[in-house]
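Architecture and fold: a report
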Amino acid sequence: PLGQKGRMEFFKVAEQARPIADKSGSFFPRTPVAPVSVRLGVHGIGIFGQVEHIYREKQGLIRCKAGFGRLSPQRLLKNWIIHLALNLALAGGSGPDRAETRLMGQDPKARKPVVVCTMKSLGEDARPLLETLVQLYLDGRNRVVPFFCNAGFSLVSFLAEKKYPSDKNSLVQALSRA
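A brief report on the enclosed structure follows. Bear in mind the structure is a predicted one, so any value in this text is a computation, not a measurement.

By size, the foremost hydrophobic cluster in this structure holds 19 residues, and its most contacted members are Val38, Leu40, Ile47, Ile54, Leu86, Leu90 and Leu130. No other element matches helix α2 (residues 73–91), which puts five residues into this core. Filtering out sequence-adjacent residues up to four positions away, Val38 remains in contact with Ile47, Phe48, Gly49, Val51, Ala85, Leu86 and Ala89.

Pasting the structure below:
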């Protein structure tokens, strides 16, 4: 809105976003690099686009994304796929062969502190992980999947809290009991 109401709303939102802005200023690198083009084929599915928000640090490349709002399971999954694709695109190039990803968010409704999630650089090791995700997508087109993003994330979080093993057999056994 325009006028006094607009100014009040702007300052309200700016105040809510201040913790993210303060932390990202000290946590994210300052040397940007050009976006990386991704053009991959996995199990007949094309994955392509430009990956932006990439910076150079002493130890290599880092993709940094700060956003207002919590790091929801959907946001984490989307950025995990981008992270895997970026690492595969870099692995085939002439420059650095891997990149780390840092995500930052804060749930303004719950008034929780800023959360940072770091996805370690993988290089070519990202291939089997991305292939598994694409295969799950393809399987989901032909049959009902047991969990969507939120429920799956809740299950894994619960198992981690209870210190259950996270190998594939343990997860399959937990799914069969759910």
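The five strands are arranged β1-β4-β5-β6-β7 in an open sheet whose pairing can be described as mixed. Sheet topology places β1 (31–32) and β7 (115–119) at the edges, where each strand pairs with a single neighbour. Note: β1 against strand β4 (residues 54–57), two bridges, orientation antiparallel. Paired with Thr31 across the strands is Arg56, a residue of β4. Against the sheet, helix α1 (residues 3–27) touches β5 (60–66), β6 (99–105) and β7, its axis set at about 160° to β6.

Moving on: the pattern of salt bridges. Inspection of the entire model under this criterion finds five salt bridges. Ionic pairing is found between Glu9 and Lys5, a salt bridge with its closest N-O pair at 3.0 Å. In this pair, Glu9 and Lys5 both sit in helix α1, four residues apart, roughly one turn of the helix. A relative accessible area of 47% places Lys5 in the partly exposed class. For Glu124, the salt bridge goes to Arg127, with nearest N and O atoms at 2.6 Å. For Glu124, a relative accessible area of 39% puts it in the partly exposed group.

This brings us to α2. With 19 residues, α2 should reach 27 Å at 1.5 Å per residue; the first-to-last C-alpha distance of 27 Å fits that figure. Where α2 is concerned, the buried positions are Pro73, Leu76, Asn79, His83, Leu84, Ala85, Leu86, Asn87, Leu88 and Leu90.

Their axes nearest at 9 Å, the elements α2 and helix α3 (residues 126–142) cross at an angle of 135°. In terms of orientation, α2 lies oblique with respect to α3. Where α2 crosses over α3, the handedness of that crossing is left-handed. On α3, the residues that touch Leu77, Trp80, Ile81, Leu84, Ala85, Asn87 and Leu88 of α2 are Ala126, Arg127, Leu129, Leu130 and Leu133. Counted by class, the contact of α2 with α3 contains 10 nonpolar, one polar and one charged residues.

What follows concerns the packing of aromatic side chains. Applying the stated rule across the entire model yields one aromatic pair. Judged by centre distance (5.4 Å) and plane angle (70°), the rings of Phe10 and Phe11 are edge-to-face. Pair check on accessibility: Phe10 and Phe11 agree, each one exposed.

Of note, the phi angle at His43 is positive, near 50°, even though the residue is not glycine. Position of His43 among the secondary structure elements: in the loop between β2 (36–42) and β3 (45–51). The exposure class assigned to His43 is partly exposed, which follows from its relative accessible area of 45%. Positive phi, normally seen in glycine, also occurs at His53, with a value near 65°. With respect to the helices, strands and loops of the structure, His53 is situated in the loop between β3 and β4.

Basis of the calculations
Residues numbered from 1 in each chain as written. Predicted model: local features only at pLDDT ≥ 70, side-chain atom pairs only at ≥ 80, totals over all residues. Heavy atoms only, no water. Core = buried A, V, L, I, M, F, W, Y, C linked by side-chain atoms within 4.5 Å. Buried < 20%, exposed > 50% of the residue type's maximum accessible area, 1.4 Å probe, protein only. Helix = DSSP H or I, 4+ residues; strand = E, 2+ residues; numbered from the N terminus. Contact = heavy atoms within 4.5 Å. Pairing = 2+ DSSP bridges. Axes fitted to C-alpha atoms, helices over the stretch in contact; angles between N-to-C directions. Salt bridge = Lys/Arg side-chain N within 4 Å of Asp/Glu carboxyl O. Expected span 1.5 Å × (residues − 1). Parallel < 35°, antiparallel > 145°, perpendicular 65-115°, else oblique. Left-handed = near helix turned anticlockwise from the far one by under 90°. Nonpolar A, V, L, I, M, F, W, Y, C, P; charged D, E, K, R; others polar. Phe/Tyr/Trp six-rings, centres within 6.5 Å; stacked < 30°, edge-to-face > 60°.

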